[in-house]
Amino acid sequence: MRFVLCMSILLLHLHSNKSVGEEEALPKDRNFNKQRGYHIKDCVPHYEQLEQHKQARTSERKVKATTLSLIASYDYGNYIVVTTEADGWFGRTMYCRYFDTEHQELLPATESFVFPEFAVHCCSRKNAHFMSVSGSPFDNILEYVPLLDRRKDEPRYNLSLCLAPMYGDERKWLLLVELIEHYKIQGVEHFYLYVKDMDDYTLKLIKHYVESGVAEVIFFRKDNDRPGLEWQLVETEADARGACGEAAVGAYESRPLATSS
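Residues numbered from 1 in each chain as written. Predicted model: local features only at pLDDT ≥ 70, side-chain atom pairs only at ≥ 80, totals over all residues. Heavy atoms only, no water.

Looking at an unreviewed UniProt entry, one finds the chain named Glycosyltransferase family 92 protein and attributed to Strongylus vulgaris. Taken verbatim from the UniProt record of the chain, the Subcellular location (unreviewed entry) comment is "Membrane". UniProt annotates the chain under Sequence similarities (unreviewed entry) with the comment "Belongs to the glycosyltransferase 92 family." (UniProt positions renumbered as here; feature names shortened; annotations may be inferred.)

Caption draft 1: Up close: the overall build of the chain. Broken down by element type, the chain carries 5 helices and 13 strands. Within the chain, the fraction of its 261 residues that count as buried is 43%. Look at the contacts in the chain between residues 6 or more apart in sequence, and 72% of them connect residues 24 or more apart. Accessible surface for the chain amounts to roughly 14,800 Å². Of this, 53% is attributable to carbon and sulfur atoms. (Helix = DSSP H or I, 4+ residues; strand = E, 2+ residues; numbered from the N terminus. Buried < 20%, exposed > 50% of the residue type's maximum accessible area, 1.4 Å probe, protein only. Contact = heavy atoms within 4.5 Å. Areas by Shrake-Rupley, 256 points an atom, 1.4 Å probe, with all protein chains shown as cover.)

Caption draft 2: Broad picture of the packing of aromatic side chains. With the rule as written, the count across this model stands at 6 aromatic pairs. Every member of this aromatic cluster is reached through a ring pair, and the members are F99, F130 and Y144. For the cation-ring pair, R125 lies above Y38, with the distance from its terminal atom to the ring centre recorded as 4.6 Å. (Phe/Tyr/Trp six-rings, centres within 6.5 Å; stacked < 30°, edge-to-face > 60°. Lys NZ or Arg CZ within 6 Å of the ring centre and 35° of its normal.)

Caption draft 3: Examining the nonpolar core more closely. Membership of the largest hydrophobic core comes to 29 residues, with the highest contact counts inside it found for V44, I80, V82, Y98, V120, C122 and M131. Of all the secondary structure elements, the ones that give two or more residues to this core are α2 (47-55), β4 (79-84), β5 (93-99), β6 (105-113), β7 (119-123), β8 (130-134) and β9 (145-149). Residues in contact with I80, not counting those within four places in the same chain, are S73, Y74, D75, Y98, V120, H121, C122, C123, S124, R125, M131 and L147. If you look at the next biggest cluster of nonpolar residues, it comprises 15 residues, including L163, L179, L205 and Y209. (Core = buried A, V, L, I, M, F, W, Y, C linked by side-chain atoms within 4.5 Å.)

Caption draft 4: Region of the structure containing the pattern of salt bridges. With the rule as written, the count across this model stands at 8 salt bridges. Linking E60 and R57 is a salt bridge whose minimum nitrogen-to-oxygen distance equals 2.9 Å. Judged by relative accessible area, E60 falls into the partly exposed class, the value being 24%. A salt bridge links R171 to D199, with the shortest nitrogen-to-oxygen separation between them at 3.9 Å. Linking R171 in the loop between β10 (157-163) and α3 (173-185) with D199 in the loop between β11 (190-195) and α4 (200-211), this pair joins segments that are 28 residues apart in sequence. Residue classification places R171 among the exposed positions, given a relative accessible area of 61%. Through salt bridges that share partners, D75, D149 and R151 make up one connected network. (Salt bridge = Lys/Arg side-chain N within 4 Å of Asp/Glu carboxyl O.)

The following block contains the structure:
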């Protein structure tokens, strides 16, 4: 009887130690919830508004889903926003994936969803330098984007300009150089360019502006999975989430530089 009692006490002690070890192994992070894991509900300050509008299907486009492809990611301190080119993914559950400077994944993933179109909110994660999103926390990652810091109090530029996407097969170099040089005279210090389709000579001009520090460029993928004009919706969302967020005043040129023939 005494032997059985001693064994019971020993097993209870071992079980208790194991539980303590498991508890200590859990992430010590204010965004971690033991019941549901990581979820943006614990970090995004305007989560209730996001959830409310998602449930109301606000701004849902109801179009056929296109291939998932990433544009950029922005760190705002408490949370991160990853922007995508994927149309028709409204409200889908997604998982934020984090990577360090060596492109090694920082586990675990954070549960989120697509809202509004082309945007996925994520919790911030220490040591994260690259971001991706996937339909499950265990999907293979084929693409990730650098995490850009948008926590700076002082803007890099006094005035910047975001241009509508360039698409179509026309040559654009003359229109582009006239536009940029005109706005430089007006005081614009930096330009953000979005390119869907581009001829070789215009591409050389864009590279010149990028190398001289006048412009930054984001290239959309070449798939023609939607009308050219609808790429402007993707760019507008990217601008709203931080692409033009490094200036005291950001202007937006909404007229497409060229249209498809």
